[in-house]
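# Chain and residue survey
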Amino acid sequence: MFVTASDKEETMNDSMLSQKKDEQTSLLDSWEDVGSLEDLDDDSTVAIDSVKSSADTDPDPVGQVEEWLDVLGNDQLKKKVLEAGQGRESRPQKGQNVVINLKTCQKDGTLIEQQTNVAFTLGDGDIIQALDLTVQLMEMGEKAFIQTNAKYAYGIHGSHDPEIPPNTDLSLEVELLEATDAQDLELLPPIEKIALANLKRERGNIHYQRGDYAFAVNSYSIALQITESSSKVDISPEEENELMDVKVKCLNNMAACQLKLDHHDAALKSCVSVLAHQPENVKALFRMGKVLALQGEYTEAIQSLRRALRLEAKNKTIHAELSKLVKKHSDQRGAEQAMYKKMLGNPTSSTSSTRKDPEKSSWTISWKWLFGATAIAIGGVAFSVYIAARN
C-alpha cells in the first residue's frame, strides 16, 4: 500500500505548483491540441475512496483539493503525491527510458490491471497520454495517484488489452522506479535498431487504428529517425534491407495518416519518398493518385492510378478510384468547354457564315449576268431570222 507524504513535503509541493505549471506550458499545450482529436466533453472529476474518507472527516475541504495538481488546468488530469521522491533534480526528462510500477482501476475502484516494471520512452507516445504527461512531473522513487478523463486514457474506443470499456475515466497508482538516457542510435547494434524501429512503427499502427492520426504520425516519425540514423557499427546488406523495409512501411503509413488529416503536401512528399526507393510500390502510387486528385491535378492523378492498376490489375479499390476520377475529369473538361464557348460567343460559326456570304453573293451576280447575256443573244438571233424571212 502507498502511504501519504509528510506535511512538510506537501507544503513544499504546494509552493512550487505555479512554477511547475510554467515549466509544463509548451509541452502540455501541444499534447492538449492533439488530445482534441477525441473530442470528449466530460468535466466530471474522479473520486477515490481515500479522498472520500478524508473529505468526510476534514472540516476544511478546500485544503484537501489543494493537494491535487491540475496538470492541464482543465480538471481532467490530476496528480497527487502519495510518497515523495528524491527531489526535483531526479525528475525524468523527455526522451529518457523510464520504468514504473502501475496499477490501473476504474474510477469506482474496480481493479483493471496491475503491472510491474513497465518500460517506455517518455514523450514518445508509447503509452497513454495521462502517464506520458504526469510521469514527467514525478521524482525518482515517488509514488503518486493520478485521475484521468477517458480522453487522456483509452478514449472513445476503449481497449481490448487491457479490457477497458469506451469512455472510461481511470484512477492510476504509479511508482517511478528508474530513468535512463536512451542509447546512442549510432552505437546501437543493427538488430536492436530494427527491433526498436518496428516497435515505434507498431505503436503508430495502434494509434492509426484508434483514429489518433496525429499520434500515429509522431510514432512513424520517430521510427523513421531510427531507420535513417547513421551507424558506427558494422551492418550487413540484409540488415540494411530490413531497415529500408521498415522505413518504406512507415512512410506509406504516414501518407495514409496525412491524408486523413488533410495534410496533402506532406502526404505527397511521403509518397514521393516511398517511390524513390520502390518505384513500383502500389500503395504509394494509389495514395499519390488520391492526393493529386484532391489538389486538382487530375491528369497526373490518373497516370499514377493507371500505373498502380498495371501492377495490380485485379485490385477493385484502384479500379473504383480510377473510374470515379476519370468521370470527374471528363465532367470537368465538358464544363470548361461549355464555359469557354459561352465566354467567346461561339465565334467559329459567325466567322464561317461571314466568309460564305461574299461567295454566295458573287455566284448570284454571275448567274444573273449569264442569264441576261443569253437572253439577249437569243433575241438577236430571232430578230435576224425574222428579217431574213421578210426579204
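Whatever comes next refers back to the structure up there.
What you see is a predicted model, and the numbers here were worked out from it, not measured in a lab.

Moving on, we come to the overall build of the protein chain. When helices and strands are tallied, the protein chain shows 13 helices and six strands. Of all intrachain contacts in the protein chain linking residues separated by at least 6 positions in sequence, the fraction that spans at least 24 positions is 68%. Carbon together with sulfur atoms contributes 54% to the accessible area of the protein chain, which is approximately 22800 Å² in total.

In this section: the layout of surface pockets. Taken as a whole, the second largest pocket encloses approximately 590 Å³ of empty space. Looking at the second largest pocket, it is lined by 22 residues, and the ones nearest its centre are Asn97, Thr121, Asp126, Leu196 and Lys200. Every element with two or more residues in the lining of the second largest pocket is listed here: strand S3 (97-106), strand S4 (111-121), helix H6 (190-209) and helix H7 (213-228). Ranked by the residues each element gives to the lining of the second largest pocket, the list is headed by H6, at seven residues.

Grouped together as the largest cluster of nonpolar side chains are 39 residues, with contacts concentrated most on Tyr220, Cys250, Cys257, Met288, Ile318 and Leu325. Among the secondary structure elements, those contributing two or more residues to this core are H7, helix H8 (237-260), helix H9 (264-277), helix H10 (282-294), helix H11 (298-311) and helix H12 (316-344). Excluding anything up to four places from it in sequence, Leu325 contacts Ala293, Tyr298, Ala301, Ile302 and Leu305. Residues Val98, Leu131, Met138 and Ile146 belong to the second largest nonpolar core, which totals 28 residues.

Moving on: the sheet that holds strand S2 (residues 77-83). With antiparallel pairing, six strands are arranged side by side in an open sheet as S1-S2-S5-S6-S3-S4. The strands lining the two open edges of the sheet, one partner per strand, are strand S1 (69-70) and S4. Taken together, the eight bridges between S3 and S4 define a ladder with antiparallel strand orientation. Along S4, the bridge assignment pairs Lys103 with Gln114.

Here we come to the packing of aromatic side chains. Counted by the stated rule, this structure contains two aromatic pairs. Seen from their ring centres, Trp68 and Phe145 are 6.2 Å apart, and the 85 degrees between their planes marks the pair as edge-to-face. Of the two residues, Trp68 sits in the loop between helix H4 (61-65) and S1 while Phe145 sits in strand S5 (residues 143-148), which places them 77 residues apart along the sequence. Judged by relative accessible area, which is 10%, Trp68 ranks as buried. Over the face of the ring belonging to Trp68 we find Lys78, whose NZ or CZ atom lies 5.3 Å from the ring centre.

Position of Lys200 relative to the elements: it lies in helix H6. In this structure Lys200 comes out as buried when scored by relative accessible area, which is 4%. Here Lys200 is in contact with Thr121, Asp124, Asp126, Ser219, Ile222, Ala223 and Ile226, once residues within four sequence places are set aside.

Our next topic: H11. Along an α-helix, residues three or four apart share an orientation, since each turn contains 3.6 residues. When the terminal C-alpha atoms of H11 are compared, their 20 Å separation across 14 residues agrees well with the 20 Å that a helix rising 1.5 Å per residue should span. For H11, the set of buried residues is Tyr298, Ala301, Ile302, Ser304, Leu305, Ala308 and Leu309. Projected down its long axis, H11 shows its buried positions confined to an angular sector of 160 degrees, all on one face.

The subject of this paragraph is the environment of Glu113. With respect to the helices and strands, Glu113 occurs in strand S4. Residue class for Glu113 comes out partly exposed when judged on its relative accessible area of 22%. Sequence separation between Glu113 and Pro162 is 49 residues; the distance between their C-alpha atoms is 7.0 Å. Every residue in contact with Glu113, bar those within four places of it in the chain, is listed here: Leu102, Lys103, Thr104 and Pro162.

About the criteria used
Residues numbered from 1 in each chain as written. Predicted model: local features only at pLDDT ≥ 70, side-chain atom pairs only at ≥ 80, totals over all residues. Heavy atoms only, no water. Helix = DSSP H or I, 4+ residues; strand = E, 2+ residues; numbered from the N terminus. Contact = heavy atoms within 4.5 Å. Areas by Shrake-Rupley, 256 points an atom, 1.4 Å probe, with all protein chains shown as cover. 1 Å grid on protein atoms, 1.4 Å probe; cavity = no way out; pocket = protein on both sides within 12 Å on 5 of 7 lines; lining within 4 Å. Points joined across faces, edges and corners; volume = space filled by probe spheres on them. Core = buried A, V, L, I, M, F, W, Y, C linked by side-chain atoms within 4.5 Å. Buried < 20%, exposed > 50% of the residue type's maximum accessible area, 1.4 Å probe, protein only. Pairing = 2+ DSSP bridges. Phe/Tyr/Trp six-rings, centres within 6.5 Å; stacked < 30°, edge-to-face > 60°. Lys NZ or Arg CZ within 6 Å of the ring centre and 35° of its normal. Expected span 1.5 Å × (residues − 1). Arc of directions from axis to C-beta.

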